[in-house]
Amino acid sequence: MKILMLCREPRLYSCQRLKSEAEKRGHSMDILDPNRCLLKLSSNRPHFDVYYQCNGKENCYLLPKYDAVLPRFGTASTQMGCVVLRHFVAGGAISLNDDQAFLRARDKWQSLQLLQQAGVLVPQSILAGSEFSAKSAVAKMKTPTILKTLNGSQGIGVMLAEKPQSAVSILETLKEAKVVTLLQDFIREAKNTDIRCFVIGDKVVATMLRHGQNGEFRANFHRGGSAEKITLTIDEQQIAINAAKALGLDVAGVDLIRSNQGLLVLEVNASAGLEMIEKTSGVNIALEMIVCLEQKYQLLNNK
Ligand SMILES: Nc1ncnc2c1ncn2[C@@H]1O[C@H](COP(=O)(O)OP(=O)(O)O)[C@@H](O)[C@H]1O
Ligand SMILES: [Mg+2]
């Protein structure tokens, strides 16, 4: 297959691993930044052209047709990334995670709604409209309270307010800055840990238990979290699989948290990092992703 990875940082561990496993299986892979693309819709064939510019000074060139696309762009490029992804898919490529599923996962509130609708349990969460007072919203929650911006990632945008007054002041500030923020019960009993589950298709391929460092409640790798191996029961794995399905994702990094009410889903990532989980679990996740892409491609071409 001729594979395109949409990503802004080709040097990232995940990009390099995916490229290396793809090439080992005889595929070629280009890694391109969706923000450097120019999309063209035309009544003549081909209907979906994409031009690429390496930098502002050089002339652009027409990109070839790709068989498959791997979307791996970050939250800062969600909109353009999804638009570019849709263009390639419209032109005949397959993708691991389509643009609609990607967009669902990139909105934390929409994700929680869809998870709850699919019967996947999430921490009690609320979202108040702009005319609803911060004080009344906070009064509906227990303390401490978690506050989350809807499009954050890597732990950025997730805040912990120990007292109701702190939650009110943070919420008021974010409202003023026009940053939509949800409130969520703080799962204290998880003791600054969460569980990352890597789901591919209808299988959990790898898991790890993450710990926040030095009292940090966020267990994210990018916030200095550490990880250890963990084995989940079949029922627990099914929760992660159901979460990925609820958002329509082929590949997902599901964040779970152990609460007194059982295992809850915090969020579902459409482009989860491979480094920490491959190194902790010893699983070749990059290879599993390429195999999944091959299967999807074969399924489409045998039709
Ligand atoms: N309700 C919560 N209770 C306790 N810890 C939480 C809660 N929500 C998030 N966390 C911690 O913060 C981290 C980041 O939250 P998450 O919702 O996964 O956002 P991000 O997209 O930034 O990773 C989680 O991995 C977890 O360690
Ligand atoms: Mg997370």
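Please refer to the structure placed before this passage.
Residues numbered from 1 in each chain as written. Chains lettered and ligands numbered in written order. Predicted model: local features only at pLDDT ≥ 70, side-chain atom pairs only at ≥ 80, totals over all residues. Heavy atoms only, no water.

Time to look at the nonpolar core. Counting 45 residues, the largest nonpolar core has Phe-88, Leu-249, Val-254, Leu-256, Val-265 and Val-268 as its most contacted members. For this core, the element with the highest residue contribution is helix 7 (residues 234–247), accounting for five residues. Counting contributing residues per domain, this core is built from domain 1 (2–95) and domain 2 (105–121 + 189–289), each supplying no fewer than three. The residues contacting Phe-88, other than those within four sequence positions of it, are Leu-4, Val-50, Leu-63, Pro-64, Tyr-66, Val-69 and Ala-93. In this structure, Cys-7, Ile-31, Leu-70 and Ile-290 belong to the second largest nonpolar core, which totals 29 residues. (Core = buried A, V, L, I, M, F, W, Y, C linked by side-chain atoms within 4.5 Å. Buried < 20%, exposed > 50% of the residue type's maximum accessible area, 1.4 Å probe, protein only. Helix = DSSP H or I, 4+ residues; strand = E, 2+ residues; numbered from the N terminus. Domains from an automatic or database assignment. Contact = heavy atoms within 4.5 Å.)

Let us now look at the pairing of strand 10 (residues 156–161). Along any regular strand the residues' side chains alternate between the sheet's two faces. Strand direction decides the pairing type here: strand 9 (residues 145–153) and strand 10, joined by five bridges, are antiparallel. Looking across to strand 10, one finds that Ser-153 is bridged to Ile-156. With antiparallel pairing between neighbouring strands as the criterion, strand 9 and strand 10 make up a hairpin whose turn holds two residues, including Gln-154 at a positive phi of roughly 55°. (Pairing = 2+ DSSP bridges.)

Let's shift gears to the site of ligand 1. Looking at ligand 1, there are 22 residues lining it, with Lys-108, Lys-148, Gly-155, Asp-194 and Asn-220 nearest. Contacts to ligand 1 include Gly-155, whose backbone N or O atom sits 2.6 Å from an oxygen atom. The backbone of Ile-187 places a nitrogen or oxygen atom 2.9 Å from a nitrogen atom of ligand 1. When ligand 1 is considered free in solution it has 540 Å² of accessible area, and contact with the protein chains removes 98% of it. For the shell around ligand 1, the secondary-structure elements that each account for two or more residues are strand 9, strand 11 (181–185), strand 15 (251–259) and strand 16 (262–269). Looking at the shell around ligand 1 element by element, the count peaks at four residues for strand 9. Split by residue class, the shell around ligand 1 holds eight nonpolar, six polar and eight charged. Counting only domains with at least three residues in the shell around ligand 1, you end up with domain 2 (105–121 + 189–289) and domain 3 (125–186). (Near = heavy atom within 4 Å. Polar contact = N/O pair within 3.5 Å; in protein donor to acceptor, adjacent residues only side chain to side chain. Areas by Shrake-Rupley, 256 points an atom, 1.4 Å probe, with all protein chains shown as cover. Nonpolar A, V, L, I, M, F, W, Y, C, P; charged D, E, K, R; others polar.)

This part covers the coordination of the magnesium ion (ligand 2). Those donors, Asp-255 (OD) and Glu-267 (OE), are the protein atoms that reach the magnesium ion (ligand 2), and they lie 1.9 to 2.1 Å from it. Separated by twelve residues along the polypeptide, Asp-255 in strand 15 and Glu-267 in strand 16 bring together distant segments of the chain. Residue Glu-267 is classed as buried on the basis of its relative accessible area, which comes to 16%. (Donors = N, O, S within 2.8 Å, 3.2 Å for Na, K, Ca; no water.)

Here the focus is the sheet that holds strand 6 (residues 68–71). Within a beta sheet, neighbouring strands are joined by backbone hydrogen bonds and run either parallel or antiparallel to one another. In space, the four strands of this open sheet follow the order 2-1-6-7, with parallel pairing throughout. Both outer strands of the open sheet, strand 2 (28–32) and strand 7 (94–95), are each paired with one neighbouring strand and no more. Pairing between strand 1 (residues 2–6) and strand 2: five bridges, direction parallel. What sits directly across from Ile-3, in strand 2, is Met-29. Against the sheet, helix 2 (residues 78–90) contacts strand 1, strand 6 and strand 7, and its axis sits at roughly 165° relative to strand 1. (Axes fitted to C-alpha atoms, helices over the stretch in contact; angles between N-to-C directions.)

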